Amino acid sequence: MKLRPLHDRVIIKRLDNERKTASGIVIPDNAAEKPDQGEILAVGNGKVGDDGKVRALAVKVGDKVLFGKYSGQTVKVDGDELLVMREEDIMAVVE
């Protein structure tokens, strides 16, 4: 299935978190925190302003981004867990 987000929404896939501490202790899946970084898989057309014009998004497909732990809505597509969120919920682009 292919998703196309609407307006100022983006589709993000979380990046894998380290499962081992610096000292070599393995963290089980149920104790690990969800990562707050991801890669953008799809972007919408942009946000419609008060003047009716569409403002393009500042992020693009392939960007690595930071977001809040509780940002976005989780959806499952073809067995993958993805996030759908608004551009304003993204805090930064990792360069």
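Everything in this summary refers to the structure shown in the same document.

The rules we used
Residues numbered from 1 in each chain as written. Predicted model: local features only at pLDDT ≥ 70, side-chain atom pairs only at ≥ 80, totals over all residues. Heavy atoms only, no water. Pairing = 2+ DSSP bridges. Helix = DSSP H or I, 4+ residues; strand = E, 2+ residues; numbered from the N terminus. Axes fitted to C-alpha atoms, helices over the stretch in contact; angles between N-to-C directions. Core = buried A, V, L, I, M, F, W, Y, C linked by side-chain atoms within 4.5 Å. Buried < 20%, exposed > 50% of the residue type's maximum accessible area, 1.4 Å probe, protein only. Contact = heavy atoms within 4.5 Å. Salt bridge = Lys/Arg side-chain N within 4 Å of Asp/Glu carboxyl O.

Things to note about the sheet that holds strand 5 (residues 64–67)
Line of reasoning, step 1. The 6 strands are arranged 6-7-1-2-5-8 in an open sheet whose pairing can be described as antiparallel. The outermost strands of the open sheet, each flanked by one partner alone, are strand 6 (73–77) and strand 8 (90–94). Sheet twist, expressed as the average angle between the axes of neighbouring strands with direction ignored, equals 40 degrees.

A look at the nonpolar core
Line of reasoning, step 1. Residues Val10, Ile12, Ile40, Leu57, Val59, Val65, Phe67, Leu83, Met85 and Ile90 constitute the largest nonpolar core, which totals 10 residues.
Line of reasoning, step 2. Mapped onto this core, the elements with two or more residues apiece are strand 1 (9–14), strand 5 and strand 7 (80–86).
Line of reasoning, step 3. The contact partners of Leu57, leaving out residues within four places of it in the chain, are His7, Asp8, Arg9, Val10, Val43, Gly44, Gly46 and Glu87.

Digging into the pattern of salt bridges
Line of reasoning, step 1. Enumeration over the complete set of coordinates arrives at 6 salt bridges.
Line of reasoning, step 2. Between Lys13 and Asp80 there is a salt bridge whose closest N-O contact spans 3.7 Å. Remark: Asp80 occurs in strand 7 and Lys13 occurs in strand 1; sequence separation between them is 67 residues.
Line of reasoning, step 3. According to the relative accessible area criterion, Lys13 is partly exposed, its value standing at 34%.
Line of reasoning, step 4. Judged by relative accessible area, which is 35%, Asp80 ranks as partly exposed.
Line of reasoning, step 5. Here Lys64 ties to Glu39 by a salt bridge, and the two come within 3.7 Å at their closest N and O atoms. You can see Lys64 sitting in strand 5 and its partner Glu39 sitting in strand 2 (residues 37–43), a full 25 residues away along the chain.

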